[in-house]
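# Structural overview
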Amino acid sequence: MKRMEKTSILICGGGLGGSACAIHLAQLGYPVILVDKACFPRKKLCGEFLGPDAMPILDSLGVLKSVLSVSNGPVQNIYLYNAAGKRLHIRTNWIRKDYPYALAQPRMVLDNLLLNKAKTLGVQVIEDQSIIACEQVDDLFFLTLNSSPEKLSSSCIVDASGRNSRLSALSRRGEVSLRDSPKKHHYIEKHVGIQCHLRINTETNDLSMFFFKGGYGGIQPISNEIANLCLWLTPELAQKIPLGLPALLEASISQNPAARPFLTRLETIEPFETAAGLHQLHLLEKSKKIISVGDAQLTVEPFSGFGMSHALRTGVLAAECIHHAFNQGYSYQESLAFYTTRYQQVFGKHLVSLRLGRHFLSSPILQKCLWPILPPFLPFLTALYR
Ligand SMILES: Cc1cc2nc3c(=O)[nH]c(=O)nc-3n(C[C@H](O)[C@H](O)[C@H](O)COP(=O)(O)OP(=O)(O)OC[C@H]3O[C@@H](n4cnc5c(N)ncnc54)[C@H](O)[C@@H]3O)c2cc1C
């Protein structure tokens, strides 16, 4: 196995994971080429709640001030309503003392801001080009783009192409073997995500999460007039729902008595986006052949509001590991092994606790028992959540 050559590092995907990785590699002095199939600014299905854990990373990437300047101000309260409409109150300053707030940030703005930062640091960004094939010949990767006969090549690539990672999809279609028998290691989540922006009249930007039979949903104001509505439904419930927002709300979040007053104030301003076949929170796959960040590495349980922080943090972690690997003269395979170990050390326990947390909190029976007794323990439990 040869040590990696100092050619440009290729990143597939310019969402938060890909941009964070590109920015940090550029900060460390590496030439980077980033390819995204979309033209930015682009939409992204998301609850748009950016947890406190994202703030130190945004700070280290040099973008926190810009993000704060375009945000609707700090989110300081999270309200979790059990299926019976009983409320738990969580303060975001229990999660982190140094960055005691969350933000509600439209992805169109946030992702574009980070990608622009990467561009200003010299990252070559190729937009509107899809990676359609990936081959590994000896120690070099070759990426084929949809509308260019030329292939991009590098000894080091990073997969940041999101939860339906194109690179792993290619491997499933047998065009290139990037993972060993992926099905064996996957726990496929069949839930359906639904999201849209709605008009709302509100003076607060607190996050309200509502559990109901067949899923949960969040209402997160992103300005005084617009809120993000995001639902997470079991496939059984999603199949039953007729088309249209009123029917969707009626069959899902309206089941929760505490949500009804919010819903009367909502007015739709755009069609909703849906995403299905999402991966469940699962333990790290040992079969990955490519350094992967964000959702391409592991799709974090949406309930946790940790997906964006995870994407940013894994992007930076991958950049640090690649830097270390170049300094040590590692091959790509050794770099991947090093990153995988670091990933387990940094995120392993946290991911297991998120997984357990979702199961505990979303069971209606446990909710009934837990809601009255949890409040005194919440500061301690939310600090553990980090
Ligand atoms: C319903 C739902 C609600 C959520 N709510 C929240 C929330 O409130 N808070 C939170 O923190 N997280 C939330 N998440 C999770 C969060 O959205 C993701 O974890 C995060 O977007 C992952 O970022 P990423 O950079 O890994 O991937 P993405 O943001 O998906 O970026 C991947 C990029 O890769 C590009 N790409 C894909 N394939 C190719 C290809 N072949 N060639 C070139 N480019 C390609 C795409 O265009 C895209 O720009 C939610 C997720 C879901 C499903």
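The residue numbering used here restarts from 1 in each chain and proceeds along that chain's sequence as written. With pLDDT at 70 or above as the cut-off, local features in this predicted model cover only qualifying residues; side-chain atom pairs require 80 or more to be listed or tallied, and sums for whole chains, interfaces and linings still use all residues. Neither water nor hydrogens contribute to the side-chain values; these are computed over all heavy atoms in the structure.

### Some words on the overall build of the chain
We count it as follows: The secondary structure listing takes helices from DSSP runs of H or I that are at least 4 residues long and strands from runs of E that are at least 2 residues long, numbered from the N terminus. Burial classes follow relative accessibility: with a 1.4 Å probe on protein chains only, a residue under 20% of its type's maximum area counts as buried, one over 50% as exposed, and anything between as partly exposed. Residues count as neighbours in contact if any of their non-hydrogen atoms are within 4.5 Å of one another. We get accessible surface area from the Shrake-Rupley algorithm with a probe of 1.4 Å; when it comes to residues, only the shown protein chains can shield them. Counted charges follow a simple rule, with Lys and Arg positive, Asp and Glu negative, and His plus the chain ends left uncounted. One atom stands in for each charge, and that atom is NZ of Lys, CZ of Arg, CG of Asp or CD of Glu.
Helix and strand counts for the chain come out as 13 helices and 18 strands. C-alpha atoms of the chain, sized along the principal axes, occupy 60 × 45 × 35 Å. Sorting the 386 residues of the chain into buried and exposed places 55% on the buried side. Considering only residue pairs separated by 6 or more positions, the chain has 71% of its internal contacts joining residues 24 or more positions apart. In the form shown here, the chain has an accessible surface area of approximately 17000 Å², with 56% of it arising from carbon and sulfur atoms. With 40 positive and 30 negative side-chain charges, the chain shows a separation of 7 Å between the mean positions of the two kinds.

### Here's the deal with the sheet that holds strand 18 (residues 291-292)
Stated precisely, the cut-off is as follows: Here, a strand pair is defined by DSSP locating no fewer than two bridges between the strands.
In space, the five strands of this open sheet follow the order 7-2-1-11-18, with parallel pairing throughout. With partners counted over all chains shown, the strands left at the sheet margins are strand 7 (124-126) and strand 18, one partner each. As paired elements, strand 1 (residues 9-12) and strand 2 (residues 32-35) share four bridges and run parallel to each other. Bridge pairing in strand 2 places Leu10 opposite Ile33.

### So, the environment of Pro246
Following the sequence through the fold, Pro246 ends up in helix 8 (residues 245-251). Here Pro246 falls in the exposed class, since its relative accessible area comes to 65%.

### A closer look at the pattern of salt bridges
Where we set the bar: Definition used for salt bridges: Asp or Glu carboxyl oxygen within 4 Å of a side-chain nitrogen of Lys or Arg.
One pass over the full model with this rule turns up nine salt bridges. Between Arg42 and Asp111 there is a salt bridge whose closest N-O contact spans 2.9 Å. Taken as a pair, Arg42 in the loop between strand 2 and strand 3 (49-50) and Asp111 in helix 4 (residues 107-120) lie far apart in primary sequence, 69 residues in all. Residue Arg42 is classed as buried on the basis of its relative accessible area, which comes to 14%. Residue classification places Asp111 among the buried positions, given a relative accessible area of 1%.

### Here we look at the site of the ligand
The cut-off we apply is this: It suffices for a single heavy atom of a residue to lie within 4 Å of a molecule or strand for the residue to be listed as near it. Polar contact is the term for a pair of N or O atoms within 3.5 Å; when the atoms are in protein, one must be able to donate a hydrogen and the other to accept it, and sequence-neighboring residues count only if both atoms are side-chain atoms. As a working rule, the residues Ala, Val, Leu, Ile, Met, Phe, Trp, Tyr, Cys and Pro are called nonpolar, Asp, Glu, Lys and Arg charged, and the rest polar, with Gly in that last group.
Near the ligand there are 35 residues, and of these Asp36, Gly47, Phe49, Asp295 and Met308 occur at the shortest range. Between the ligand and Gly307 there is a distance of 3.3 Å, counted from an oxygen atom to a backbone nitrogen or oxygen. Within the complex, 94% of the 1000 Å² of free accessible area of the ligand lies under protein. The greatest single-element share of the shell around the ligand, amounting to three residues, is contributed by helix 10 (residues 307-328). By residue class, the composition of the shell around the ligand is 14 nonpolar, 13 polar and eight charged.

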